[in-house]
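Working through the structure, step by step
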Amino acid sequence: MVRSETGARPSEARERLLATATRIFYGEGIHSVGVDRIIAEAKVTRATFYRHFPGKEDLVVAYLQAADQAIRDHVETASAAGLPAPDALRAIAESIARDIQSAGFRGCAFLNAVAEYPDPDHPVHQAVLAHRQWFLDTIHSLLADIQESEAEPAARHFVMLRDGAMAAGCLFDPGLISETFLRGVEGLIRTHAARQPS
């Protein structure tokens with residue numbers, strides 16, 4: 001079990017609530033799911049729910065923070081392996097391709113959530129933006145390690161390739177989409193590495 005920053009174990013009830021919400025929110029959407037259903041399926045009391053989450057939106061933000069941490073863990077694994085930047089980018093892309101081909105894949109949890117929370121000032125929308133900025137910055141840093149010139153537009157290109165693959169992966173053959181995505185990333189890495197400094 002993961003420990004929090006204070007060293008205390010997270011509540012089992014909180015973990016059940018978060019796991020239940022993650023499964024239902026990702027599989028069915030957020031607005032269509034009420035707190036009562038999450039409470040019932042997590043087998044907790046209403047008082048327990050509100051002790052951990054003041055409201056549904058706090059649970060939604062926690063769900064997105066958990067998804068963000070899972071992606072950060074994948075990226076940190078690639079970085080901790082001491083791979084050169086091109087191979088770290090390939091490892092990140094391969095992790096995305098595996099997700100696209102996983103059972104029950106329904107696209108990007110963040111893009112799905114932001115479609116339901118379009119107000120840029122809403123905490124859910126802000127959680128999505130924070131994740132996306134971190135991901136863009138991470139990809140930018142790796143591309144800058146390869147070649148600093150034009151690293152920013154190349155990073156945006158990588159993120160757009162990822163977004164397209166995540167959207168298409170739940171509509172079409174996920175194997176073919178993953179293959180196309182990985183080929184696109186490989187082309188981007190090679191093109192970027194071949195750029196001459198400006």
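Here's a quick rundown of the structure. (Residues numbered from 1 in each chain as written. Predicted model: local features only at pLDDT ≥ 70, side-chain atom pairs only at ≥ 80, totals over all residues. Heavy atoms only, no water.)

**With respect to the overall build of the protein**
A count of helical and extended segments in the protein gives nine helices and zero strands. When the backbone C-alpha atoms are referred to their principal axes, the protein occupies close to 60 × 40 × 30 Å. Out of the 198 residues in the protein, the part that is buried amounts to 40%. If you take every contact in the protein between residues at least 6 apart in sequence, the share linking residues at least 24 apart comes to 66%. Counting 20 positive and 26 negative side-chain charges, the protein places the centres of these two groups 6 Å from one another. (Helix = DSSP H or I, 4+ residues; strand = E, 2+ residues; numbered from the N terminus. Buried < 20%, exposed > 50% of the residue type's maximum accessible area, 1.4 Å probe, protein only. Contact = heavy atoms within 4.5 Å. Lys, Arg positive; Asp, Glu negative; His and termini not counted. Charge placed at Lys NZ, Arg CZ, Asp CG, Glu CD.)

**Quick word on the pattern of salt bridges**
Scanning the model with the defined rule gives 12 salt bridges in all. Arg-90 is the salt-bridge partner of Asp-87, the closest N and O atoms lying 2.7 Å from each other. Highlighted residues: Asp-87 and Arg-90, both in helix α5 (residues 85-100), separated by three residues, approximately one helical turn. Note that Glu-152 is salt-bridged to Arg-156, the shortest N-O span being 3.1 Å. With Glu-152 and Arg-156 both in helix α8 (residues 151-169), this residue pair falls four residues apart, about one helical turn. (Salt bridge = Lys/Arg side-chain N within 4 Å of Asp/Glu carboxyl O.)

**Observations regarding the side chain of Ser-178**
Along the chain, Ser-178 falls in helix α9 (residues 174-194). Engagement of the side chain of Ser-178 in a polar contact is seen with the backbone oxygen of Ala-97, the distance being 3.3 Å. Beyond its immediate chain neighbours, meaning those up to four positions away, Ser-178 contacts Ala-97, Ile-100 and Gln-101. (Polar contact = N/O pair within 3.5 Å; in protein donor to acceptor, adjacent residues only side chain to side chain.)

**So, empty space enclosed by the protein**
Across all of its chains, the model carries one cavity of 30 Å³ or more by this definition. Taken as a whole, the largest cavity encloses approximately 40 Å³ of empty space. In this structure, the largest cavity is lined by His-131, Arg-132, Phe-135, Val-159, Arg-162 and Asp-163. Breaking the lining of the largest cavity down by element, the ones donating at least two residues are α7 (123-146) and α8. For the lining of the largest cavity, a count of residues per class yields two nonpolar, one polar and three charged. (1 Å grid on protein atoms, 1.4 Å probe; cavity = no way out; pocket = protein on both sides within 12 Å on 5 of 7 lines; lining within 4 Å. Points joined across faces, edges and corners; volume = space filled by probe spheres on them. Nonpolar A, V, L, I, M, F, W, Y, C, P; charged D, E, K, R; others polar.)

**Thoughts on the nonpolar core**
Core analysis: the biggest nonpolar cluster contains 59 residues, and Phe-25, Leu-64, Ile-92 and Phe-158 have the highest contact counts within it. Put simply, the parts of the chain that give this core at least two residues each are α1 (12-28), α2 (35-42), α4 (56-80), α5, α6 (109-116), α7, α8 and α9. With sequence-adjacent residues up to four places away left out, Phe-158 is seen in contact with Leu-89, Ile-92, Ala-93, Ile-96, Phe-135, Ile-139, Val-185 and Leu-188. (Core = buried A, V, L, I, M, F, W, Y, C linked by side-chain atoms within 4.5 Å.)

**Examining the packing of α6 against α7**
Contact pair α6 / α7: the axes reach a minimum separation of 9 Å and the direction vectors enclose 150°. Here α6 lies roughly antiparallel to α7, going by the angle between them. α6 and α7 meet at a crossing whose hand is left-handed. In contact with Phe-110, Leu-111, Ala-113 and Val-114 of α6, α7 contributes Val-124, His-125, Val-128, His-131 and Arg-132. (Axes fitted to C-alpha atoms, helices over the stretch in contact; angles between N-to-C directions. Parallel < 35°, antiparallel > 145°, perpendicular 65-115°, else oblique. Left-handed = near helix turned anticlockwise from the far one by under 90°.)

**Focus: the packing of aromatic side chains**
On inspection of all chains with the given rule, the structure shows six aromatic pairs. When the ring of Trp-134 is compared with that of Phe-135, the centres are 6.1 Å apart and the planes differ by 55°; the resulting orientation is tilted. Between Phe-158 and Phe-181 the ring centres are 6.3 Å apart and the planes differ by 75°, which places this aromatic pair in the edge-to-face class. Here Phe-158 is found in helix α8, whereas its partner Phe-181 is found in helix α9, with 23 residues between them in sequence. You can call Phe-158 buried: its relative accessible area is 1%. Aromatic ring contacts, followed pair by pair, group Trp-134, Phe-135, Phe-158 and Phe-181 into a single cluster. Taking NZ or CZ as reference, Arg-162 lies 5.8 Å from the ring centre of Phe-135, over its face. (Phe/Tyr/Trp six-rings, centres within 6.5 Å; stacked < 30°, edge-to-face > 60°. Lys NZ or Arg CZ within 6 Å of the ring centre and 35° of its normal.)

In short, the description is geometric, and any link to function would need to be established separately.
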